[in-house]
Amino acid sequence: MSSTDGQQAYADYDRTTIDRTGQVEAFDAIGDRYDEVFPHKEGQTAAGAWLAEQLPAGSRVLDVGCGTGVPTARQLVAAGHRVVGIDFSPTMVKISRENVPDAEFHQMDLADLESGGLGPFDGATAFFSLLMLPRAEIPVALRMLHGQLKPGGPLALGMVEADVDDFGIPFLGNTIRVSGYLRDELRQVVRDAGFEIAGEESFAYAPASTDVSPEIQIFLNCRRRP
Ligand SMILES: C[S@@+](CC[C@H](N)C(=O)[O-])C[C@H]1O[C@@H](n2cnc3c(N)ncnc32)[C@H](O)[C@@H]1O
């Protein structure tokens, strides 16, 4: 068992409902165009810096849905941490390994983290990866992350403020399904999963592409309640 408290959130989740159809393919096709369209990630790097500062150098940090490894895995490695990135897209994992050779990356669905044997972790980030899940799964994924973290461990979470569930949107020539909450509900979902919220920032973000709509990004600096 990889968690410190034995919590296995996905054990009670009906995995037959998990449908990633089109999601992996979309991110494989998007590859490093993602970084061209989402430059200037001040909010994300500030949240990554908060996380890095919470932990002594050499801590093991999980980056869930690591994308290209930039900026987050690279930033955490530069801060002296041991980074384990996971992403379900083989292309993203390949790009991450090239971008951040000193981190460890695994092609893995986040729903397989509990059985993956990688944890426990001192800290974790999940920037814009949980929003790719249907709403019914987001609390499960957060409880899973609670179980993967050591007590008191920090979690830096990035979401987009939107009242949608598994909603298809055009994204860089592909269609992806996204979910989100308005911020009060997001805070509640995070607290209900066993985290306290130590800080919050939100940013209006205009991607460098007419194919992606402007969005409100929310960053929550969280800590696993024991
Ligand atoms: C919007 S991108 C964000 C990338 C990176 N975290 C960042 O903020 O720069 C979302 C990433 O999460 C990955 N992802 C989405 N759902 C996932 C899942 N169920 N398991 C693992 N990775 C997932 C995608 O492949 C993609 O690389």
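All figures in this text were calculated on a predicted structure; none of them were measured in a lab. (Residues numbered from 1 in each chain as written. Predicted model: local features only at pLDDT ≥ 70, side-chain atom pairs only at ≥ 80, totals over all residues.)

### Considering the site of the ligand
To be explicit about the condition: Nearness is defined per residue: the C-beta atom, placed using the backbone, must lie within 6 Å of the molecule or strand. In this description a helix means any DSSP run of H or I spanning at least four residues, a strand means any run of E spanning at least two, and both kinds are numbered starting from the N terminus. Under the grouping applied here, Gly and all other residues not named as nonpolar or charged are polar, the nonpolar ones being Ala, Val, Leu, Ile, Met, Phe, Trp, Tyr, Cys and Pro and the charged ones Asp, Glu, Lys and Arg.
The environment of the ligand is made up of 17 residues, and the closest members are Phe-27, Gly-65, Gly-67, Phe-127 and Ser-129. Listed by contribution, the elements that provide at least two residues to the shell around the ligand are helix 1 (23-30) and strand 2 (82-87). Classifying every residue of the shell around the ligand by side-chain character gives 9 nonpolar, 6 polar and 2 charged.

### Here we look at the packing of helix 7 (residues 138-148) against helix 8 (residues 183-192)
The description of two packed helices rests on the angle between their axes and on the distance between the axes. In plain terms, the rule: Helix axes are fitted only over the stretch in contact, all axes being lines through C-alpha atoms; the angle between N-to-C directions runs from 0 to 180 degrees. When describing relative orientation, an angle under 35 degrees is termed roughly parallel and one over 145 degrees roughly antiparallel, while 65 to 115 degrees is termed roughly perpendicular and anything else oblique. Helix crossings get a hand from a simple test, with the near helix turned counterclockwise from the far one by less than a right angle marking a left-handed crossing and a clockwise turn marking a right-handed one. The contact criterion used is a C-beta to C-beta distance within 7 Å, with each C-beta placed from the backbone.
Relative to each other, helix 7 and helix 8 sit at 45 degrees, their axes nearing to 9 Å. The pairing of helix 7 with helix 8 is recorded here as oblique in orientation. Helix 8 is crossed by helix 7, and the crossing has right-handed handedness. Contact residues: helix 7 offers Ile-138, Pro-139 and Leu-142, while helix 8 offers Val-189, Val-190 and Asp-192.

### Details of the nonpolar core
Test applied: The term nonpolar core refers to a set of buried Ala, Val, Leu, Ile, Met, Phe, Trp, Tyr and Cys residues connected through C-beta atoms within 7 Å. Note on burial: count the other C-beta atoms lying within 10 Å of the residue's C-beta; 20 or more is buried, 12 or fewer is exposed, in between is partly exposed, and C-beta positions come from the backbone.
With 53 residues, the main nonpolar core has Ala-124, Ala-141, Leu-145, Leu-155, Leu-157 and Val-190 as its most contacted residues. Of the residues forming this core, the biggest block, 5 residues, is contributed by helix 7.

### Some thoughts on the UniProt feature "domain: Methyltransferase" (unreviewed entry) in the chain
Put simply, the rule is: UniProt positions are given in the numbering used here, feature names are shortened, and annotations may be inferred rather than shown by experiment.
Under the present numbering, the feature "domain: Methyltransferase" (unreviewed entry) in UniProt falls on residues 61-153. Helix and strand shares over residues 61-153 are 34% and 20% respectively, and the end C-alpha atoms of the span are 10 Å apart.

### A short note on helix 5 (residues 90-99)
As a reminder of what qualifies: The directions from the helix axis to the C-beta atoms form the arc being described.
Those residues of helix 5 lying buried are Met-92, Val-93, Ile-95 and Ser-96. Taken down its axis, helix 5 places every buried residue within 165 degrees of arc, on the same side. Exposed residues pointing more than 90 degrees away from the buried face of helix 5 are listed as Pro-90 and Glu-98. Buried residues belonging to helix 5 abut helix 1, helix 4 (72-78), strand 2 and strand 3 (104-107).

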